[in-house]
Amino acid sequence: MHWRLLVALTCLGTGGMLTACSQSTLAGWQTVAQAWRSPAAPELAEVPLNPALRYLRVRVGSKVGLMVQAGGPGGPWYGADGVVLRLREGRLVEFADARRSWTEVSHSGWPDLQPPTPDDHPPHRGHLVADLQPGHRHGLRQSHTWVHRPDAPPGHDWQGDTQGLRWVVGRPDAPDAPATWYAIDTQRQPVEVVYGRQCLSLDLDPTAPPTCITWQRWPR
């Protein structure tokens, strides 16, 4: 989707929920459009940002770019190619693009982000239920075990120094299914999720490989 069309749709509003875009927001969309076309992730560090806006560095499959938030903290994040994300406490709860949508219906077992003591990280169970469109695939259930770890998992694409980060990994029950990762910034009070990865089965073919989505608050 062309970024100007995305801006027009956003500024007109979704169900009357969004108000008209300001000039600073329009400038933010231009930044996102420029960043999303960048072929290499390191180039994002050179993209000028509007300090009045909030950004995410997002990877969807092999594509990397910036997304901008609308509606203040807790609002959805928009990308220049039509991708929309919604996070809750740093956790992915909604993904949509021009072809499909994934929405969390319920989630249990979200780990304590700040356990009572540094060594008090017992594994515990979690369950997620989601709906996927098209295809009317409702009630998709995933069970996993949450574990805390002090070091970053192999294959992460966090940009910057990992010092001060504590990691939570969700290991799914399904064999060979990719894990979910979250990085918690312990240098912030209260502690905050600043990075995550979740792999979603977004294809109509349930045997197709999942699409992995990572997001990082940008800049850190």
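Predicted model, so just to flag it, every value in this text is computed and none were measured. (Residues numbered from 1 in each chain as written. Predicted model: local features only at pLDDT ≥ 70, side-chain atom pairs only at ≥ 80, totals over all residues. Heavy atoms only, no water.)

Undergrad: Just give me the short version of the layout of surface pockets, but keep the residues and values in it.
TA: Roughly 420 Å³ of volume is contained in the largest pocket. Along the walls of the largest pocket sit 20 residues, with Arg141, Gln142, Cys199, Leu200 and Ser201 positioned nearest its centre. Those elements giving two or more residues to the lining of the largest pocket turn out to be strand E7 (124-133), strand E8 (137-149) and strand E11 (192-200). In terms of residues, the lining of the largest pocket owes the most to one element, E8, which gives five residues. (1 Å grid on protein atoms, 1.4 Å probe; cavity = no way out; pocket = protein on both sides within 12 Å on 5 of 7 lines; lining within 4 Å. Points joined across faces, edges and corners; volume = space filled by probe spheres on them. Helix = DSSP H or I, 4+ residues; strand = E, 2+ residues; numbered from the N terminus.)

Undergrad: Report on the packing of aromatic side chains, specifying residues and quantitative values.
TA: Aromatic ring pairs are defined here through the distance separating the ring centres and the angle between the ring planes. Across all of its chains, the model carries six aromatic pairs by this definition. Relative to Trp215, the ring of Tyr182 lies with its centre 6.1 Å away and its plane at 65°, an arrangement referred to as edge-to-face. Placement of Tyr182 in strand E10 (residues 180-185) and of Trp215 in strand E12 (residues 211-218) is noted, with a sequence separation of 33 residues between them. This pair shows no difference in class: Tyr182 is buried, exactly as Trp215 is. We note Arg197 situated over the ring of Trp181; from NZ or CZ to the ring centre the distance is 3.9 Å. (Phe/Tyr/Trp six-rings, centres within 6.5 Å; stacked < 30°, edge-to-face > 60°. Buried < 20%, exposed > 50% of the residue type's maximum accessible area, 1.4 Å probe, protein only. Lys NZ or Arg CZ within 6 Å of the ring centre and 35° of its normal.)

Undergrad: So what's going on with the environment of Ile213? Residues and values would help.
TA: Counting through the fold element by element, Ile213 comes out in strand E12. Considering only alpha carbons, one finds Ile213 and Leu200, 13 residues apart in sequence, at a separation of 7.8 Å. Ignoring any residue separated from it by four or fewer positions in sequence, one finds Ile213 in contact with Val58, Arg59, Val60, Leu92, Phe95, Gly196, Arg197, Gln198 and Leu200. (Contact = heavy atoms within 4.5 Å.)

Undergrad: A description of the side chain of His148 should follow, citing residues and the corresponding values.
TA: Of note, His148 is situated in strand E8. Side chain to side chain, His148 and Arg166 meet in a polar contact 3.3 Å long. (Polar contact = N/O pair within 3.5 Å; in protein donor to acceptor, adjacent residues only side chain to side chain.)

Undergrad: Tell me about the environment of His124, and name the residues and values.
TA: On the secondary structure map, His124 appears in strand E7. Within the local environment of His124, its side chain forms a polar contact with the backbone oxygen of Gly109, the two atoms lying 3.0 Å apart.

Undergrad: Quick rundown of the sheet that holds E11? Include the residues and the values.
TA: Two modes of strand pairing occur in sheets, parallel and antiparallel, and in both the strands are linked by backbone hydrogen bonds. Sheet architecture is closed into a barrel: 12 strands sit in the order E1-E2-E3-E4-E5-E6-E7-E8-E9-E10-E11-E12, paired in antiparallel fashion. Taken together, the eight bridges between E7 and E8 define a ladder with antiparallel strand orientation. Note that in E8 the partner of Gly126 across the bridge is His144. (Pairing = 2+ DSSP bridges.)

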